Structure formats: C-alpha cells, structure tokens
Amino acid sequence: MSTSTQSRYNVTHTDTGTDAFCFDEGSGFRYYMVDGNALFFSGIDGVQCEEFIQIVRRRALTAGKQRDNDWIIDFVTPCFIGDALRFHAALDDEVKDNWSLLQRALLQKYPAPEERVVDYSSFASLDSTIPTPASAPRQGLIRVHIEGSESAYYVSCARSTGPWAGCYMTTTTTTEALRVELVRSGVDLSKFKIVGHTDMFDWLGVTWQPSEPVFSTTSNQFSWLVGVQDSDLSCSAGTNLYGPTRAQVWSIGSSPGYALSPTWKEDVGKSWELDIAIHKTSHVIFPVINSKRFLSIRPNAWDIATLAFEPV
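Just so it is clear, the structure is predicted and the values come from calculations on it, not from any experiment.

Asks: Account for the overall build of the protein chain, naming residues and giving values.
Replies: The secondary structure content of the protein chain amounts to six helices and 17 strands. When each of the 312 residues of the protein chain is scored for burial, the buried share is 44%. Across the protein chain, the fraction of contacts at a sequence separation of at least 24, relative to all contacts at a separation of at least 6, is 52%. Carbon and sulfur atoms provide 51% of the accessible area of the protein chain, an area that totals close to 15,900 Å².

Dropping the structure here:
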C-alpha cells in the first residue's frame, strides 16, 4: 500500500494525491475508498451505514449528480459486500433502483446506536471541500442536449404561439436563447430570473398538465417549461393549463458542466428530479416524471434531452 498521511476523517495518498477513506480508531470509519473508486459497505452497524450514505452524497454532489438517481444507483450498487451484499440483493427492484428508498431501507436495517459521541467540530473542514451551486456564475443560457444529436440547442426566449401556447421551446442560436440569472432561494433548490423579461412573468419554472399530478416511478404525467409570476399563482401558459405551478424548482450541479435539472418537491418532502422530453415538431419542452414511461405511450413524437447552465 502506498504511503499516506492520515487525518481525523480521511487519508490522502502522497503519491497520487487522491482521497482514500479507511478504518480509523479515532474517527470510527470502518471502510475505505482508494483512488476515488473502491468504496465498500459491509453492514457492520448503523454508524458505518451513516458514514456510507454521507460519502455517497458527497461524491454525488462533487460530481454534480446529486439529483441524478440513476448515476447514484450505478455508483453504490458495486459497493455492497458481505452481509450488506446479501441484504441489498434481497431487496425489491423498486427499492434498489431508487436512492431515496434505498437509504431508508439501509437506515432501517442498520439502526442508529443507542449512544453516540460525536465531535462535530471535526466536520467544519468538510464544507470547504464540497462545491455548491451558490458558486456557479450568476447569468447564462440554458443549453439543451438532445440525445443522438450533435447540434447545440438552447431554451428560446420565445414561447410557443401554436400548440401549448405560452410554453418555452428550443432554439439553435444563442442570439435567440433565453438569458437567465441564478438566484439562490433555498437550501436545496434555486430559481432562475428571466433577464430582460417584458411581462409579469419574472421566473422560469414549471406548470403541470394534471391538476393533481401523481408522482411515482411508473407515472407518465408531464409538465411544461413556462414563465412564472412571483406568487407562483399564474404562468405564461395562461388558462390553457391548470396544474400546480412553481419557480423554485432548479437543481444545478458544479463545474465543469453545471448540469441542470428541474426538481419538484412534494408537500410531504420527497423530491422528484424530472426528465426532459422535447416535442419534435413544435420544439416545446416537457419536464416529465419518467421519460421512458412517457415515451412508451407517445412513441416517435418526442426526443429525450438533458439541460445544463452555460455561463455568459
């Protein structure tokens, strides 16, 4: 094993400069990470479970994937060994494929200790190592990457006047792209103020087609990207649409890339990172709960896409 310098919570290899987490009598860490890849969870107890979840969350945030359920599941699945592997393998697929549900299952299986002694001051240094959305540039464009296409697309400053009137579309030119300003308005989610808007709709947000959208992994329901008024009570789609509307829906990753996802938080607290579908004819943008389910009943009319914040 290479020479390393040990601290309270991590080990840094002196020959590679990479972080490596390992067993430390003082910190209580019971697993290790080498070269940023080999993270293991064996199911020793509740403390190890908490540490495992903490590291996964930090790695996802660092990669700008904190809202990317599939990325996190792909990352954690190879980490289970021993008894934890057996427990994970026996879980229902719905739990194994959903990071929120998997965390709950793990914490229930490996409960908290009856007593714990934590030196919280030792966590102070962690903040400086985690890139936050607040550090992102303030103004920019929203780039749209359509799967299978090499062309560059952006959210257009123009809204549809045809089907789904008042909803935002895509454009292929930066001169026609919508310019937005990032506004941090909550712990988890941000807002985008529309720069140079000419009507009462100050914010870029989401409005739903159903009056009471049902959130589940099998849902085929959808929403639109719209201009939203300060109060969240009205949007640029007017009376054509009638579902709940919200501006504070944006989750933005860290540099490079600034991956962007509209994220809907239910009243009960659960968050749903929405997929993006683009209508091929009208170019209208549809945030959807589950793109595979959405396309399964609407074949050939939509493309799948991802969003990113592009500083200007």
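Asks: Explain the environment of Gly64 to me, and be specific about the residues and the numbers.
Replies: Mapped onto the elements of the fold, Gly64 is located in the loop between α1 (46-62) and α2 (69-76). A C-alpha to C-alpha distance of 6.5 Å links Gly64 and Ala259, two positions 195 residues apart in sequence. The residues touching Gly64, leaving out its near neighbours within four places in the chain, are Gly253, Ser254 and Ala259.

Asks: Any details on the environment of Asn98? Residues and values, ideally.
Replies: Of note, Asn98 is situated in the loop between α4 (93-96) and α5 (99-109). A relative accessible area of 9% means that Asn98 is categorised as buried. Separated by 25 residues in the primary sequence, Asn98 and Ile73 place their C-alpha atoms 7.2 Å from one another.

Asks: Help me get a handle on unusual backbone geometry, residues and values and all.
Replies: Across the chain, the bulk of peptide bonds are trans and the bulk of non-glycine residues have phi less than zero. Phi angles above zero are rare outside glycine, and His283 is one such case at about 65°. If you trace the backbone, His283 turns up in the loop between β15 (275-279) and β16 (285-288).

Asks: How would you sum up the pairing of strand β8 (residues 190-194)? Please name residues and give values.
Replies: With four of five residues buried, β8 lies mostly within the body of the structure. Taken together, the five bridges between strand β7 (residues 179-184) and β8 define a ladder with antiparallel strand orientation. Looking at the pairing, Val180 lines up with Ile194 of β8. Note that β8 and strand β9 (residues 203-208) share two bridges and pair antiparallel.

Asks: An account of the nonpolar core is requested, with residue identities and associated values reported.
Replies: Ranked by size, the top nonpolar core spans 31 residues in total, and within it Ile142, Val144, Val155, Phe192, Leu204, Leu225 and Trp250 carry the most contacts. Ignoring sequence-local partners within four residues, the contact set of Ile142 consists of Tyr153, Tyr154, Val155, Leu178, Val180, Phe192, Leu204, Leu260, Leu307 and Ala308. Within the second largest apolar cluster, 24 residues are counted, among which are Leu39, Cys79, Val95 and Leu102.

Asks: With reference to specific residues and values, describe the pattern of salt bridges.
Replies: Here the structure, examined in full by the defined rule, presents seven salt bridges. One salt bridge connects Asp303 with Lys280, and the closest N-O pair in it is separated by 3.8 Å. With Asp303 in strand β17 (residues 302-311) and Lys280 in the loop between β15 and β16, the pair connects residues that are 23 residues apart, well separated along the chain. Judged by its relative accessible area of 41%, Lys280 falls in the partly exposed class.

Asks: Can you break down the pairing of β16 residue by residue, with the values?
Replies: Neither face of β16 is open: one carries Ile285 and Pro287, the other Phe286 and Val288, and all of them are buried. Summarising the sheet, β15 and β16 pair through four bridges and their orientation is antiparallel. Residue pairing for β16: Asp275 is matched across the bridge by Val288.

Asks: Account for the side chain of Gln221, with residues named and values stated.
Replies: Inspection of the secondary structure assignment puts Gln221 in the loop between β9 and β10 (223-228). A polar contact of 2.5 Å, which involves the side chain of Gln221, links it to the backbone nitrogen of Val214. Apart from the residues lying within four places of it in its own chain, the contact partners of Gln221 are Trp208, Pro210, Pro213, Val214, Val288 and Ile289.

Reading guide: rules and limits
- Residues numbered from 1 in each chain as written.
- Predicted model: local features only at pLDDT ≥ 70, side-chain atom pairs only at ≥ 80, totals over all residues.
- Heavy atoms only, no water.
- Helix = DSSP H or I, 4+ residues; strand = E, 2+ residues; numbered from the N terminus.
- Buried < 20%, exposed > 50% of the residue type's maximum accessible area, 1.4 Å probe, protein only.
- Contact = heavy atoms within 4.5 Å.
- Areas by Shrake-Rupley, 256 points an atom, 1.4 Å probe, with all protein chains shown as cover.
- Pairing = 2+ DSSP bridges.
- Core = buried A, V, L, I, M, F, W, Y, C linked by side-chain atoms within 4.5 Å.
- Salt bridge = Lys/Arg side-chain N within 4 Å of Asp/Glu carboxyl O.
- Polar contact = N/O pair within 3.5 Å; in protein donor to acceptor, adjacent residues only side chain to side chain.

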